[in-house]
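One letter stands for each residue in the lines below.
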Amino acid sequence: FAKLYDEHIPGWREDNFSLRYALGLKHEDVWAAHRAEKLRLLEYINRETNSGMDLDHFTLGFARRATSYKRADLLLDDPDRLVEIADKFGALQIIYAGKAHPNDAKGKELIVHIFEICKQLRGKIKLVYLPNYDIELGQLLTAGVDVWLNTPQPPMEASGTSGMKAALNSLPSFSILDGWWIEGCIENVTGWAIGMEPEKEIAESTRETDAADLYDKLENAVMPTYYHNRDQFLSIMLHAIALNGS
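Residues numbered from 1 in each chain as written. Predicted model: local features only at pLDDT ≥ 70, side-chain atom pairs only at ≥ 80, totals over all residues. Heavy atoms only, no water.

Peer 1: Would you take a moment to explain the overall build of the protein chain for this structure?
Peer 2: Each helix and strand counted, the protein chain has 10 helices and 6 strands in total. The C-alpha atoms of the protein chain give 17 Å as radius of gyration, which agrees with the globular expectation for 246 residues (18 Å, within 12%). Its C-alpha atoms give the protein chain principal-axis dimensions of about 45 × 45 × 40 Å. With 246 residues in all, the protein chain has 53% of them scored as buried. At a minimum sequence separation of 6, the contacts of the protein chain that also span at least 24 residues come to 72%. In the form shown here, the protein chain has an accessible surface area of approximately 11,400 Å², with 51% of it arising from carbon and sulfur atoms. (Helix = DSSP H or I, 4+ residues; strand = E, 2+ residues; numbered from the N terminus. Rg over C-alpha atoms; globule rule 2.2 N^0.38 Å. Buried < 20%, exposed > 50% of the residue type's maximum accessible area, 1.4 Å probe, protein only. Contact = heavy atoms within 4.5 Å. Areas by Shrake-Rupley, 256 points an atom, 1.4 Å probe, with all protein chains shown as cover.)

Okay, here's the thing in C-alpha cells:
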C-alpha cells in the first residue's frame, strides 16, 4: 500500500490529511494490493501451522495483548452459531495472535480457552492462534486479513491503535464502539459497529448482547458484503484508508 500511495498520493508520508484522496484510488488497484498482502500472510500461516488457509476465503483478524477486558473470545461464545454462519457463506477463517503479561493469569487462561475452541471447531472453521507475536507478525496481520476485529469491554479501550494500523492498510474495522472507533465508525461506510451506541453501551450492554449483535452483524452485513457485494466492500476499504486523513 505504501507503493500505491507513493504513486497516486504524493506527500502522504508527510501529510496524513492527503490520505483522504484515497477515495479516488481504483478498486482494482486496491484489491490487487490487498490480495498481495493477504497472500503473504496466509503463506506464512500455512507454512507455520499447516492450517490450509485459502486466499479466497473471508478472514477475520484479532491480535493484541491477551487480557480479560479485551474479550478476545467474544467471537467464540457460541461456536455452533459461528459454524452456521460459516456454512451459510461457504467459508470463514479466523486468525488470533497476542501474548499475555507474565503476571496476568486470566490473560493466560483466555489463550488456553481459545485453543480449546480451536480444537472444537477443527474441520468446521479454520481457526489459528499464532505464537510468538511480535512487531513483524503484527505488520503481517494488520495488512493481510480482510476485516479487523476488536471486542473490548467498554469503556476500557484507551484508543485501539491496531485498528488504525489496519485502516492504513485498507482494512475495515468490525468493533465495539469504544476508543477511536466511536469517532471512526460510519456504519457500512468505514466498517461496522458491535453493540449499542456509546451513551447506552456502558450502562446497558452485556457480554450476551454484544455477542448476539456480533453474530447478527457478521451474518447479515459483514460477510454478505465481502462475498456478494465486492464493490461495496472495496468502497469501505477506501473509506477506511481515508479515515487516516480525518
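Let us keep going from here.
Peer 1: Is there a simple way to think about unusual backbone geometry in this case?
Peer 2: What is expected of a backbone is that most residues other than glycine have negative phi and most peptide bonds are trans. Of the consecutive residues proline 154 and proline 155, the connecting peptide bond is found in the cis state with omega at 5 degrees. Within the secondary structure, proline 155 is located in the loop between strand 4 (147–150) and helix 6 (161–168). At asparagine 50, a position not held by glycine, the phi torsion is positive, near 55 degrees. The exposure class of asparagine 50 is exposed, given its relative accessible area of 70%.

Peer 1: Got a minute to help me understand the confidence of the model for the protein chain in this structure?
Peer 2: Low pLDDT means the predicted coordinates in that region are not meant to be read closely. Per-residue confidence for the protein chain averages 93 on the pLDDT scale, and 96% of its residues sit at or above 70. Element-level mean pLDDT values for the protein chain span from 57 in helix 8 (residues 198–204) up to 98 in helix 2 (residues 27–49). (pLDDT = per-residue confidence, 0-100.)

Peer 1: Help me out: how do you make sense of the nonpolar core in this one?
Peer 2: The tendency in soluble globular proteins is for nonpolar side chains to be buried side by side. Counting residues in hydrophobic clusters, the biggest one holds 56 residues, and the most contacted among them are Leu75, Leu82, Leu92, Tyr96 and Leu218. Considering every element that reaches this core, the biggest residue donor is helix 9 (residues 207–228), with 8 residues. (Core = buried A, V, L, I, M, F, W, Y, C linked by side-chain atoms within 4.5 Å.)

Peer 1: Would you mind going over the sheet that holds strand 1 (residues 59–63) with me for this structure?
Peer 2: In a beta sheet, neighbouring strands pair by backbone hydrogen bonds and run either parallel or antiparallel. Read across the sheet, 6 strands follow the order 3-2-1-4-5-6 without closing on themselves; strand pairing throughout is parallel. If you trace the sheet from one side to the other, it starts and ends with strand 3 (126–130) and strand 6 (191–194), each paired once. Sheet twist, expressed as the average angle between the axes of neighbouring strands with direction ignored, equals 20 degrees. Pairing geometry for strand 5 (residues 173–176) and strand 6, over 4 bridges, is parallel. Along strand 6, the bridge assignment pairs isoleucine 176 with isoleucine 194. (Pairing = 2+ DSSP bridges. Axes fitted to C-alpha atoms, helices over the stretch in contact; angles between N-to-C directions.)

Peer 1: What am I meant to see in the pattern of salt bridges here?
Peer 2: Opposite charge on two side chains allows them to pair when their charged atoms are near. Throughout the structure, instances matching the rule amount to 12 salt bridges. The partner of arginine 81 in a salt bridge is aspartate 216, and the shortest N-O contact between them spans 2.9 Å. Of this pair, arginine 81 sits in helix 3 (residues 79–89) while aspartate 216 sits in helix 9, placing them 135 residues apart in sequence. Here arginine 81 and glutamate 219 are joined by a salt bridge, their closest N and O atoms 2.8 Å apart. In this pair, arginine 81 is assigned in helix 3 and glutamate 219 in helix 9, connecting sequence segments 138 residues apart. Using a relative accessible area of 17% as the deciding quantity, one classes glutamate 219 as buried. The network of salt bridges with common partners includes Arg81, Lys88, Asp216 and Glu219. (Salt bridge = Lys/Arg side-chain N within 4 Å of Asp/Glu carboxyl O.)

Peer 1: Quick question: what am I supposed to make of a negative patch on the surface here?
Peer 2: A grouping of Asp78, Asp80, Glu84 and Asp87 is seen on the molecular surface, where their side chains present a negatively charged patch. Along the polypeptide, glutamate 84 turns up in helix 3. (Patch = residues over 30% accessible without salt bridge, like charges linked within 9 Å, V, L, I, M, F, W, Y side chains within 5 Å. Lys, Arg positive; Asp, Glu negative; His and termini not counted. Charge placed at Lys NZ, Arg CZ, Asp CG, Glu CD.)

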